[in-house]
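# Close look at the chain arrangement
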Amino acid sequence: MNKEDGARRYVLGHEAMCRMGATDVLIAGMRGLGVEIAKNVTLSGVKSVTIQDEGLTTWLDLSSQFFLNESHLGQNRAVSSLDQLSALNPHVHVSANSGPLTEDLLLGFQVVVLTDSSLDDQMRFGSFCHSNGIKFIVADTKGLCGQLFCDFGEHFEVLDSDGEMPVSAMIGHITKAVSGVVFCDQKHGFHDGFRVSFSEVHGMTELNNAGPLEIQVIDAYSFSIGDTSGFSAYEHGGLVTEVKQPEVLTFKPLQQALSDPQLIVMTDYGKITRHQNLHLAFQALHGFVKEQERLPKPWSESDADLLVSMVTQLEDEDVVRCFSYTSQGDLAPVNAFIGGLAAQEVMKACSGKFTPLKQWLYFDALECLPEDHEGMKEQLTQSSCSLKDTRYDGQISVFGSDFQERLLRQKYFLVGAGAIGCEILKNFASIGLGAGEGGRVIITDMDSIERSNLNRQFLFRSQDIGRQKSEVAAQAVRRMNPQMNIEAHQNRLDPESEQVYGHHFFMGLDGVVAALDNIEARVYLDGRCVQHQKPMLEGGTLGAKGHTLVVVPHLTESYGPGKSNSDDAIPLCTLKNFPHRIEHTLQWARDRFEWLFKQAPESVNLYLRSSAGFLERTLSLGEAEALEILEGVWSSLKSRPARWEDCVAWARCQWEAVYNNDITQLLHCFPPRQLTSSGLPFWSGTKRCPHPLTFDPGNTTHMDYVTAAANLYGQIYGIMGGTRDHVAIRAVLENVCVPRFTPTSSVKIHVTDEEMEDEKKKGSEDAGKARLDQLKEQLSSFPVDSLAMQTHPIDFEKDDDSNFHMDYTVAASNLRAENYDIPAADRLQSKRIAGRIIPAIATTTAAVAGLMCLELYKLVQGHKKITSYRSAYVNMAVMLFQLFHPSSPQRFTVAGKEYTLWDDFLVEGRCEGQQEMTLEELVKYIKDRSSLEVSALFCGSALLYDVHSGHQDRLQLSVSDVVKLVTKAEIPHHKHMLELVPSFAEDEDCDTVPCIRYLL
């Protein structure tokens, strides 16, 4: 597996990727939509992509064909795009064909995509592909509208309809009976009729090879599986997993599906009738082009009249008219959305993964046009939307030249240059956002480029690995559009960077785009946008799923506070002693890696630099934590390896300590048949009774652990001679003496985190304090050579298969899983979990970025109606689209007057060089402005003023002096605004009140 394939394999799976790697794809038409599809398909990892186009580059192409520029005018589009498409993925062969599209050409491919094609060609080649077993896709965009059609033949097998992980559950017990019942340790999630398989069952081992069994659910924790009376008695362990059944679909050829469109996938349930109108309008447009040998002219009433007359069964004339007015347009965001969907269908056709489109999909974003329809006809005319021979002609033909000028002058802040950020930037370059005088785009991302980024962050190439994402992305965007005014920053967006992104920075922006991968950063950025009354576009993806959110000041709700999610921290006691899922053993393995190979060596170096200072800081952490750190330092100093054989011996002893001794001690404290105080088995439910392992040099996993641990240990100390040769390492192991271990009753093992915290609060036992004193004495008397004894801490890196990091993590996790009878995870699954990888694919990120930039059009136009905006949830695995109006902001009442989160009291603390406002003047200002009496005032958690607490002496101080007095800290020089939260005498019990934004 090449390293760039990782994230795709997490989404699609190994088998699907192998099927894709054997597929040849033809994409006909290399305008904006065609290149978007080709880009996504090339990144997906098929065997080959052939791009075909007889056409020559025109000015209209440059508005969305991001691999073409002015130097390509008059040259073949396919040939001109070849080099840049080829550079996207070295594992995919990309070729260009500038000749005509013929049936003989089609025979060399398993999947064919037609874009920007005539209806005659669609029907001719669609019929040919259907007859010859070639998967056939038609994709088309016209202005603000898009169309997609799929024909995968009469017998297409879907191997995995939704891509969701099969439902599985840990087994607690299985009865031996005529109607055997399986009891699970947690809610199983199965339904009647599910077929399931069993693995890792001990005792009733017949189930492990029984094949899929149909179940009948009894309750949330149990189900029956039929006759188990003839099986062995169940002992322990086991995993039961849903077995997904393939589904066979039948598709109609295009000609038949045109006249009988039984299924049109809804992309917006508020436009159900419009989808049917677009189906007819696209067909009529083909007739118009055939008759007139051109598309309708932008905003031409006569051409719109003609197209309307050609549509049969017309239900909504306005839709068809707007379709005609804008059909010559070529818009990057629309192409990004439809291109993402079309490429996803190519992947489905290649792999059988996910449910394909059956068979039509229509999309429009006509609400991007001006809200005032009467004013729209005055503003958008044939003259204002005529072609100007500029790179923005495809956009001007839809929105007019005045709107293009507004786009060029915009100032936007993009946070994040990852997968979505790259797609957003590509769209910015195409539409010209910030590319004019006074306009600019600022992008910040603190990360550097990793190899695993390359399959979905398409602005980056292998030669960029290690460079800053924001810098490389900015350079790539300038190559796409040299007019772009773009600044690249490498700052994390948090309170620490407010000296850069302060009040003046935000007030100079027109809007903000969040392309972030974590909730905390989104919440923080959202708060800054609310504070400065700026709109925000936000989007995210997870595999084939994606979402978008548009935040408009005073019109919509904000992103809001962080919501709790499934990524809650795993209890420490679960990690240390009671794991029951592979996620637990992987987190434990990652923690072990961090401690052994990074934190402990770092502590040694800190001690060597300043022993006295290190001891002082460490002891201040508390006795339990200090004991662990100093034990690590002492062990590293006194047992420092001198040669490679010492590293192997250390690794072997580590294996014994962790997988045998620790488990033996745990079972000594809690024997297998131990009962709780209530008389129930201690080892039950999620507590899986472990068993010690015996080291076996013939066991690959055992040797993988020793090999990886020994090599990493050697790297820390600069020991040469490491090897992957198991034979050579086994020879060293023959001379390793492993100390005998005897469990003791004096060891205290905590069952819950609460018990552990209570123990810490009580303080260490005398033995712990004595050991701490002993360690301090041993360290102070140990001779050190600060230079010679320096260690080399290791930062975890998941993407380098030669560095032993994942070798150690996988082996360490799977051995611990074996201790607890937890099914092991393969390297790919382990890498995703341990590396905390968010599965992402280019198709979803392209589609989400397209939807976000369509909302950008509305923000720049200044749309005032909430019904004009769309937030979205999409699941491209099952072609589910939910485009919906964003929610209005919640209203709250203070003293009978309604407010929202967008309402505040903006106060200038120092006007026109005068002295700063006193606290008394601030209170009076608020009362004069709102008729509300301030009874208390907070800055963060600090109480600045309370009318009932004798703070009258503070009223004569300036507001900033009161803040400094109460917080006992200076206000940072870069801070230009204080956010103060009042309490009002008229309604002191209000949970929510408008805040005071006080400009210093």
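Up top is the structure these notes are about.
One structure accompanies this document, and this report is about it. (Residues numbered from 1 in each chain as written. Predicted model: local features only at pLDDT ≥ 70, side-chain atom pairs only at ≥ 80, totals over all residues. Heavy atoms only, no water.)

### Points about the state of the cysteines
Tallying each qualifying case throughout the model produces zero disulfides. Note on Cys 385: no disulfide assigned, nearest cysteine sulfur contributed by Cys 322 at a separation of 12 Å. Here Cys 573 stays unpaired: no disulfide links it, and the sulfur of Cys 669, its closest cysteine neighbor, is 13 Å away. (Disulfide = S-S within 2.5 Å.)

### Quick look at the pattern of salt bridges
On inspection of all chains with the given rule, the structure shows 49 salt bridges. For Lys 975, the salt bridge identified is with Glu 498, shortest N-O distance 3.5 Å. Residue Lys 975 is found in the loop between α32 (959–967) and β31 (977–984), and its partner Glu 498 is found in the loop between β20 (486–489) and α17 (503–507); the two are separated by 477 residues along the sequence. Classification of Glu 498 by relative accessible area gives buried; the value is 13%. Salt-bridge contacts for Asp 801 lead to Arg 827; the nearest nitrogen and oxygen are separated by 3.5 Å. Remark: Arg 827 occurs in helix α29 (residues 827–834) and Asp 801 occurs in the loop between α27 (766–781) and α28 (805–819); sequence separation between them is 26 residues. Judged by relative accessible area, which is 32%, Arg 827 ranks as partly exposed. One connected set of salt bridges, linked through shared partners, spans Asp 268, Lys 271, Arg 274, Asp 364, Glu 367, Glu 855, Lys 858 and Arg 870. (Salt bridge = Lys/Arg side-chain N within 4 Å of Asp/Glu carboxyl O. Helix = DSSP H or I, 4+ residues; strand = E, 2+ residues; numbered from the N terminus. Buried < 20%, exposed > 50% of the residue type's maximum accessible area, 1.4 Å probe, protein only.)

### Overview of the pairing of strand β21 (residues 511–514)
Every second residue of β21 is oriented toward a common face, with Gly 511 and Val 513 on one face and Val 512 and Ala 514 on the other, all of them buried. In this structure, β21 lies alongside strand β22 (residues 536–542), joined through three bridges in parallel fashion. For Val 512, the partnering residue across the bridge sits in β22 and is Met 536. After leaving β21, the chain enters helix α18 (residues 519–531) and then returns to the sheet as β22, a path that is right-handed. (Pairing = 2+ DSSP bridges. Right-handed = clockwise from strand over helix to strand, strands pointing away.)

### Some thoughts on the sheet that holds strand β16 (residues 264–265)
Pairing is mixed across the open sheet formed by eight strands, whose spatial order is β3-β2-β1-β4-β5-β6-β17-β16. Two strands lie at the open edges of the sheet, namely β3 (93–97) and β16, each paired on one side alone. With five bridges joining them, strand β1 (residues 24–28) and strand β2 (residues 48–52) adopt parallel strand pairing. When the bridges of β2 are listed, Leu 26 appears paired with Thr 50.

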